[in-house]
Amino acid sequence: MHLNLAVDNLHCASCVRRLQSALDDTPAKEVQVDLAGKAVDLEWPGERPLPDLLERLRSAGFPVHLDEIVIGIEGMHCASCVGRVEKALQGVPGVLSAQVNLASAEARVEVISGQVSSARLEEAVEAAGYSAELPDTTGHDREDRREAEARGLKKRFWLALVLTVPVFAVEMGGHFIPALHHWLHDSLGTFTLHTALFVLTSIILFGPGLMFYRIGIPNLLRGHPDMNSLVALGTGAAWTYSVVATFAPGLMPEGTANVYYEPAAVIVTLILLGRLLEARAKGRTGQAIERLLNLQARTARVERNGATTEIAIEQVERGDRVRVRPGETVPVDGQVVDGDSHVDESMLTGEPEPVRRKAGHKVVGGTVNQDGLLVIEATDLGADAVLAQIVRMVQKAQGAKLPIQALVDRVTAWFVPAVMSIAAITAVVWLLFGPEPALSFALVNAVAVLIIACPCAMGLATPTSIMVGTGRGAEQGILFRGGDALQLLKSIDVVALDKTGTLTEGRPALTDIAPLGAWDEEQVLALAASAEQDSEHPLARAVIASARERGIELSRAEDFSSASGKGIAATVAEQRVHVGTLDWLAEAGVATDAAVEAVDELSGRARTPVLVAVDGKLAGLLGIADPIKDSTPQAIQALHALGLEVVMISGDRQRTAKAIADELGIDTVIAEVLPEGKVEAVQALAREHGRVAFVGDGINDAPALAEADVGIAIGTGTDVAIESADVVLMSGDLGKVPAAIALSRATLRNIGQNLFWAFAYNTALIPIAAGALYPAFGWLLSPMLAAVAMACSSLFVVGNALRLKRITIEPASA
């Protein structure tokens, strides 16, 4: 296999040598590194796993560029279809992975950039017996495909129904009303009556029902039968038997020349009805995406050349000034430059209360302006917009496969062939041991087995629940980045919470000033605020804000230096000022004994103590408090109600952190943790408790978010693209954390119900369809009832998944 791989971090001749040496002990041949093009050209043996090569390059520091291609798939109806399409796509050189979703009728394919074309993927899908098309970039194509599928099924069903009614009336009417049976046969003649039934049934099977044969028979001949193959075999066998009985009855044993046109016609009609209802129900599973897409404004009122012009949203450019009147949808992401209003951001955060937005605030496209005129400067457009990122994130989560799906894939790989074998065994047993007419009994029961066992429900069990569950989460401002997080969140053992910005507002305020020696409050605050001017730490901003509120003029700071999580130092008015923790000042040679008692007192009142030293001597203490969020106490209670251990990780002194934890009822405190120590704290919790979910702001806590089993980024409504988090909460409400866990548990429970129903239902009814109850009770399962039961199985699964749309995402629902 010839590969030309675009790689990162290829900058110099040394990089070239390092990359080549990394490939020396691999099967790669004819390796040529293109420094200018930042690529490596090589031959790779087709029988060796491609991920091995990519992992070698990644570990050497040269990750390969990867792309994700999304393809719409038509013609899939069961879990075996999913497995066949995935296998076909994974067989294309350059494809790393393929995930096919039956509910959304899409495949997400990860490929090496530049190595695989969309056309090649479409060819692979078509070679497997299905049709493929590239979705458009807006996301509306999924709904268009569903509507087209539903319209087509509706036409087929009504045509089949109109033709099936007379077939059903003649056959069933004859069974229930013997006089009608005799009159029809005496008036028309048996041959004429059977010929009419043959014509009507043939039109049904090879008109509306042709789809089953067009897909099922080729798949059967390829050695990869699917549910269409089962339907085609079952109805085809009944039709063929009836044709022989009609036109060549002498070829059959005496007493066996019965016709079964009615079951064949009714089965096709019922399965078409089931698919029509299923298509409509599946359409409802994706309504969350549809609603998000419908939030997008189509036009914007832009100020250009001294006039306000309404233009298409695609024509808005970065930097344009957009006017948004009361009641209008904000068309693009931007920053308010003029105006004051309240904006409904419930579509983004799930919070019903509108928030105030004025000059300097950010607004997001898709939100609704309420009561004032806003002028915003467009910033993020197109794919960079928050709403577009949300749609992509939800679509990716909805298309993901949970680890539990691997079990379904393994079972369905052999399920259809096993069913065909059982049907064949059923026919042989009835032929050998059944009562007369044995051939008729053998046909009817084998057909019933084929029809009842169609694994439609198995393929729908997981993806429908994922689509509805993640969509419901998106409506509440809870975004899952992938399927693993949805499943793992259900079984976490401990929730670790960062303090600042997560438990608290993240806007600390100065509460106490305690000068020492000859210093007074204003002098201590002035020096501390002046020294902190170049710091971005939240505590520094609190000190500076307090100084400005008091009208204190700040002096220029020079020779600024900082120690992460400890403090800062700067020269102010020719005096060296240190502002930081007691331990850090002690390390700097400052005598801190006089402050120990005051530090303990502040810590005991849940204040963060900050010491100020001037020219090596202690000048005073500052007490800073970060207000607890209103939602925090209730969220902690909810996490406890879910049976979870709650841990707080903080850089505060042990006593300060303990005071906050006691106030909130938090189980464990890990205090005095530097930013780089959060990863070690998460690892220690994992060793002690098991699975860990870490909740942080998604920016400063990125390493810990990535280290945890599930990283939950709690945002402010615009920090969507947080790559290190598995779950993104669009609002700052900590109550969304237990809500996300409750949603995960509800969704996984729903999946479990669906899988149990799909497997147990099929497994239990196959013996009944085969005639297991006949010797004891004389009961047989009609192929028509088998078709009804098969359709009901799929509808139950989809209907059960749709219950998640109505779930109240509260811990009590878990």
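The rules behind each value
- Residues numbered from 1 in each chain as written.
- Predicted model: local features only at pLDDT ≥ 70, side-chain atom pairs only at ≥ 80, totals over all residues.
- Heavy atoms only, no water.
- UniProt positions renumbered as here; feature names shortened; annotations may be inferred.
- Buried < 20%, exposed > 50% of the residue type's maximum accessible area, 1.4 Å probe, protein only.
- Helix = DSSP H or I, 4+ residues; strand = E, 2+ residues; numbered from the N terminus.
- Pairing = 2+ DSSP bridges.
- Salt bridge = Lys/Arg side-chain N within 4 Å of Asp/Glu carboxyl O.
- Polar contact = N/O pair within 3.5 Å; in protein donor to acceptor, adjacent residues only side chain to side chain.
- Contact = heavy atoms within 4.5 Å.

The name an unreviewed UniProt entry assigns to the protein is P-type Cu(2+) transporter, from the organism Wenzhouxiangella limi. Under Catalytic activity (unreviewed entry), UniProt gives the following word-for-word description of the protein: "Cu(2+)(in) + ATP + H2O = Cu(2+)(out) + ADP + phosphate + H(+)". Looking at the Sequence similarities (unreviewed entry) heading of the UniProt record, one finds this comment for the protein: "Belongs to the cation transport ATPase (P-type) (TC 3.A.3) family. Type IB subfamily."

Student: Looking at this model, I keep getting lost on the pairing of strand β23 (residues 617-625). Mind explaining?
Tutor: The two faces of a sheet get side chains in turn, since along a regular strand they alternate between them. Counting buried residues along β23, 8 of its 9 residues qualify, which places the element largely inside the surrounding structure. By the bridge criterion, 6 bridges tie strand β18 (residues 509-515) to β23 in an arrangement that is antiparallel. Across the sheet, the residue bridging to Ala-509 is Ala-625, located in β23. One ladder, built from 7 bridges, connects strand β22 (residues 608-614) with β23; its direction is antiparallel. When the sheet's bridge partners are listed, Ala-613 is paired in β23 with Leu-618. Where β22 hands over to β23, the hairpin turn is made up of 2 residues, of which Asp-615 adopts a positive phi near 50 degrees.

Student: How do you make sense of the pattern of salt bridges when you look at a structure like this?
Tutor: Pairs may arise between side chains of opposite charge once their charged atoms sit close together. Tallied over the full model, the rule gives 13 salt bridges. Here Arg-108 and Glu-68 are joined by a salt bridge, their closest N and O atoms 3.1 Å apart. Placement of the pair is Arg-108 in strand β6 (residues 106-112) and Glu-68 in strand β4 (residues 66-74), with a sequence separation of 40 residues. Owing to a relative accessible area of 11%, Arg-108 belongs among the buried residues under this scheme. Assessed through its relative accessible area of 44%, Glu-68 is described here as partly exposed. In this structure, Arg-304 and Asp-320 form a salt bridge, with 2.5 Å as the shortest nitrogen-oxygen distance. Of this pair, Arg-304 sits in strand β8 (residues 299-304) while Asp-320 sits in the loop between β9 (307-312) and β10 (321-324), placing them 16 residues apart in sequence. Linked through salt bridges whose partners overlap, the residues forming this network are Asp-512, Glu-601, Arg-605 and Arg-607.

Student: Sorry if this is basic, but what is going on with the side chain of Ser-603 here?
Tutor: Looking at where Ser-603 falls in the secondary structure, it is placed in helix α22 (residues 596-604). Residue class for Ser-603 comes out buried when judged on its relative accessible area of 0%. Side-chain polar atoms of Ser-603 contact the backbone oxygen of Val-599, separated by 2.9 Å. The residues contacting Ser-603, other than those within four sequence positions of it, are Pro-609, Arg-653, Arg-655, Thr-656 and Ala-659.

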